[in-house]
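Coordinate analysis (summary)
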Protein chains: 2
Amino acid sequence: MEERDCLIALSLLTEPGDHTVATALAETTPGDVLEQLLSGGHDSSTSVVARERLGRRRPVDLVEEAVTDAAAGDARMVTRADAEWPNRLDDLSELFDESDTFTGTPLCLWIRGVADLRRLTEQSVALIGARACSSYGAHAATELSHGLADRGWTVISGGAFGIDAAAHRGALNGGGSTVCVLAGGIDHVYPAEHAELFERISHTGALVSEWPPGQTPRRYRFLVRNRVIAALGLGTVVVEAGLRSGSRQTARVAAELDRTVMIVPGPITSRSSVGVHQLARGPAPVRVVTRAGEIVEDLSPIGELCEPPPGSTTRPTDRLSPEAGRVLDSVPIRSASTAARIAAQAGVPMVDADRILARLVSAGFVEVDDGRFQLSRHRPRADQPSPDPGGP
Amino acid sequence: MEERDCLIALSLLTEPGDHTVATALAETTPGDVLEQLLSGGHDSSTSVVARERLGRRRPVDLVEEAVTDAAAGDARMVTRADAEWPNRLDDLSELFDESDTFTGTPLCLWIRGVADLRRLTEQSVALIGARACSSYGAHAATELSHGLADRGWTVISGGAFGIDAAAHRGALNGGGSTVCVLAGGIDHVYPAEHAELFERISHTGALVSEWPPGQTPRRYRFLVRNRVIAALGLGTVVVEAGLRSGSRQTARVAAELDRTVMIVPGPITSRSSVGVHQLARGPAPVRVVTRAGEIVEDLSPIGELCEPPPGSTTRPTDRLSPEAGRVLDSVPIRSASTAARIAAQAGVPMVDADRILARLVSAGFVEVDDGRFQLSRHRPRADQPSPDPGGP
């Protein structure tokens, strides 16, 4: 059998994320690994399961059947031997430390959707979070995802209730494509309420799974699936997460893979944000993001993309020297005052105060009447005054 | 005149934060600096202002008058020559880069309050933020400050409306002491609505100002004052801040002084949190804090203090092996299933599945009836289930 067929056979006979398979594949070819597992001599539990799953069939029949089923189900299979394979997934072969229950590069992805997964994920970011999210979290995920789609970025998520669904919907409504990585076969719509959403996703993006059709999602499969979400994107944004959330595990894997981990902050009074705030406290470095532009900025080569924060207008007074600013601050607003008193308040010599006051008058900040100065009622103002100027 | 009197005279004749004074004091004694400023040969604006302020009086008379006034006003003066001087303020002499409009160690502090400022600030943290805060921000500041007081920490703030007031009140209500650093003379209650609050503060803590009585707060004085808030504490916590907030300037100074800068996150939809989230994006490193315990943790030597996050209970299933976890996840909840089917779903050899199922039954997780397995309705649960277990 060719490498591709061996990978498909392995993925049909073993559980994704299996340590034994990942370790063997780091040493030898998929064909050899398949032979090792099916030979009677090998007695690891992975090998026992593979033989139980194969039964009396031949691997090649298993593969043929799967290919036929996939085609019938409007799906395709993509392995590392295919052009559509996103190279970024190969980083998962490095995921070998003891804390990882699940490891390894996926053997085969079942994909449904019009878009090429490799091209789709070239400029992509994972946006994930709690299923039991707050309306704040859903709103934040939708806005960010919409903004990312606007900027031509693909949003990757897990298709779950809550933040995941908001992320997919925001991307679709923003006219973008989105990738949904599932924890069961792509024929199995879970949750069932997302049938229409998954259909919409497949029209411009892709539904992706490591599990063959017919497999149902299980709790541990979500954890296995999460490493694929973390690996596919350039970074991972966590919008809301409880203390023991699967999203935090995804973020940990993303950090291990040297992806940028970002969190969307929330109120400290919200249980739904406890997990993201914990993430922000380390140990891995985490970026705080509040707008799609910041996500793009954090994922782009330094200095390439940097949008000014909204509302950051300059004020007319920004152009004043510190001394002139002190003089202006010392000009009364309701009554007029002499240059001498203003100079004393500002801690500026009188000769300088005279000169500065003359300039403030000609710039329209200050009015003068009979040698007494007062703030102009029509003085220049910023377009958007800040709510907190830092002093009265 | 003694060093102390020279410092008092300098502080009466020059504006706090003055670059010329700070630079001169780095080179020579307060007495020499005073002489330089008052000698006709020096024509810096600082010198001109000092001579204007002094008029025809002698420096020694000015000092005597100030000491008498302070005593009459129930206040005291503290300079670096006094035992009550908080040594941490000396770090401000290092604040000399060009971006600092205001610099230098305070020359003299006017203090009203029963507590010794040095001892009061030994274990202290600045808690500051927007005047135009949200109710969320005020609540967060009050809670954190209360918690800090509970743990024996002094809260330093600026006595303004909004976050500052909430910080002071939280500390007082928590039975703690608080320090209020003002931007005008301590005889000048600003804002006037805080007369009672300032009175309460003076009963267990201290009101502090670099300005002599009679001086009124001015916009630029708040910026000068902010460096003292940043220097007095071991760190600075910003609760809410607009984009152009004075609190962000305080945080920048704190970072320059190698103090720990912390932010309290808020909703990304709130204008009041824009400034803190910007701070969290750098360039200086910033810690995200959500509880008083985390603030104490971030200010304490590594490993000395670490409280577990609330709600971080372990679950009975945490003790299961990954394989047993997968078996448990594959046991149906509503209908019973055979060991063979459960083993196939879990990807575990049948011989292992049998053994694991037997153990799950004896631990109370699973019920068995006529060789078919089902999740126990009375299975062990955690005290506090998380809202987001990361999978169905």
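Throughout what follows, the structure given in this document is the object of discussion. The model shown is predicted, which means the values in this text are computed figures rather than measured ones. (Residues numbered from 1 in each chain as written. Chains lettered and ligands numbered in written order. Predicted model: local features only at pLDDT ≥ 70, side-chain atom pairs only at ≥ 80, totals over all residues. Heavy atoms only, no water.)

1. Re the overall build of chain A
Quick reminder of the rule: Strands are runs of DSSP state E lasting at least 2 residues, helices are runs of H or I lasting at least 4, and numbering of each runs from the N terminus. Note on method: radius of gyration uses C-alpha positions; expected globular size equals 2.2 Å times residues raised to 0.38. Relative accessibility decides the category of a residue: with a 1.4 Å probe and only protein chains considered, values under 20% of the type maximum give buried, values over 50% give exposed, and everything between is partly exposed. Contact criterion: two residues are considered in contact whenever any of their non-hydrogen atoms come within 4.5 Å of each other. His residues and chain termini do not enter the charge count, which takes Lys and Arg as positive and Asp and Glu as negative. Here the site of a charge means atom NZ of a Lys, CZ of an Arg, CG of an Asp or CD of a Glu.
In terms of regular secondary structure, chain A is built from 16 helices and 12 strands. Relative to the 2.2 N^0.38 estimate, which gives 21 Å for 392 residues, the radius of gyration of chain A is 30 Å and therefore markedly larger than a compact globule would have. Considering only C-alpha atoms, chain A reaches an extent of 110 × 40 × 35 Å along its principal axes. Evaluated residue by residue, chain A yields a buried proportion of 55% over its 392 residues. Within chain A, residue pairs in contact and separated by at least 24 positions form 72% of the contacts whose partners lie at least 6 positions apart. Across chain A, 40 positive and 51 negative side-chain charges occur, with their mean positions spaced 8 Å apart.

2. Focus: the side chain of Thr14 of chain A
Residues and elements named next belong to chain A. We apply this condition: Two N or O atoms count as a polar contact when they lie within 3.5 Å, although within protein this holds only if one can serve as hydrogen donor and the other as acceptor, and sequence-adjacent residues are included solely when both atoms are side-chain atoms.
Following the sequence through the fold, Thr14 ends up in the loop between helix 1 (3-13) and helix 2 (19-25). Within polar-contact distance, the side chain of Thr14 engages the backbone oxygen of Leu10 at 2.8 Å. Contact partners of Thr14, with chain neighbours within four places excluded, come to Val21, Leu37, Thr46, Arg53 and Leu107.

3. Concerning the sheet that holds strand 6 (residues 206-209) of chain B
Residues and elements named next belong to chain B. Here is the rule: What makes two strands pair is DSSP finding at least two bridges between them. Inter-axis angles, ranging from 0 to 180 degrees, are taken between N-to-C directions of lines fitted to C-alpha atoms, where helices are fitted over the stretch in contact.
Spatially, 9 strands are ordered 1-2-6-5-4-3-7-8-9 in an open sheet, and the strand pairing comes out mixed. Looking at the sheet topology across the chains shown, the edges are occupied by strand 1 (76-78) and strand 9 (287-288). In the packing of helix 11 (residues 246-256) onto the sheet, the strands contacted are strand 3 (124-128), strand 7 (235-238) and strand 8 (260-263), and the crossing angle to strand 7 comes to about 155°.

4. Re the pairing of strand 12 (residues 372-375) of chain B
Residue and element names in this part refer to chain B. Alternating residues of strand 12 divide into Phe373 and Leu375, all buried, and Arg372 and Gln374, none buried. When strand 10 (residues 337-338) meets strand 12, the two strands line up antiparallel, connected through 2 bridges. Opposite Ser337, over in strand 12, you have Phe373 as the bridge partner. Direction of pairing for strand 11 (residues 366-369) relative to strand 12: antiparallel, over a ladder of 4 bridges. Bridge pairing in strand 12 places Val368 opposite Phe373. Hairpin remark: strand 11 followed by strand 12, antiparallel, with 2 residues in the connecting loop; positive phi at Asp370, about 55°.

5. Points about the sheet that holds strand 1 (residues 76-78) of chain A
Residues and elements named next belong to chain A. If you trace the 9 strands from one edge of the open sheet to the other, you get 1-2-6-5-4-3-7-8-9, paired in mixed fashion. Edge positions in the sheet fall to strand 1 and strand 9 (287-288), since each of these pairs with one other strand and no more. Sheet topology places strand 2 (residues 109-112) next to strand 6 (residues 206-209); 3 bridges connect them, and they run antiparallel. Bridged to Trp110 within strand 6 is Ser209. The strands touched by helix 7 (residues 135-150) within the sheet are strand 3 (124-128) and strand 4 (154-157), with strand 3 carrying the most contacts at an inclination of about 170°.

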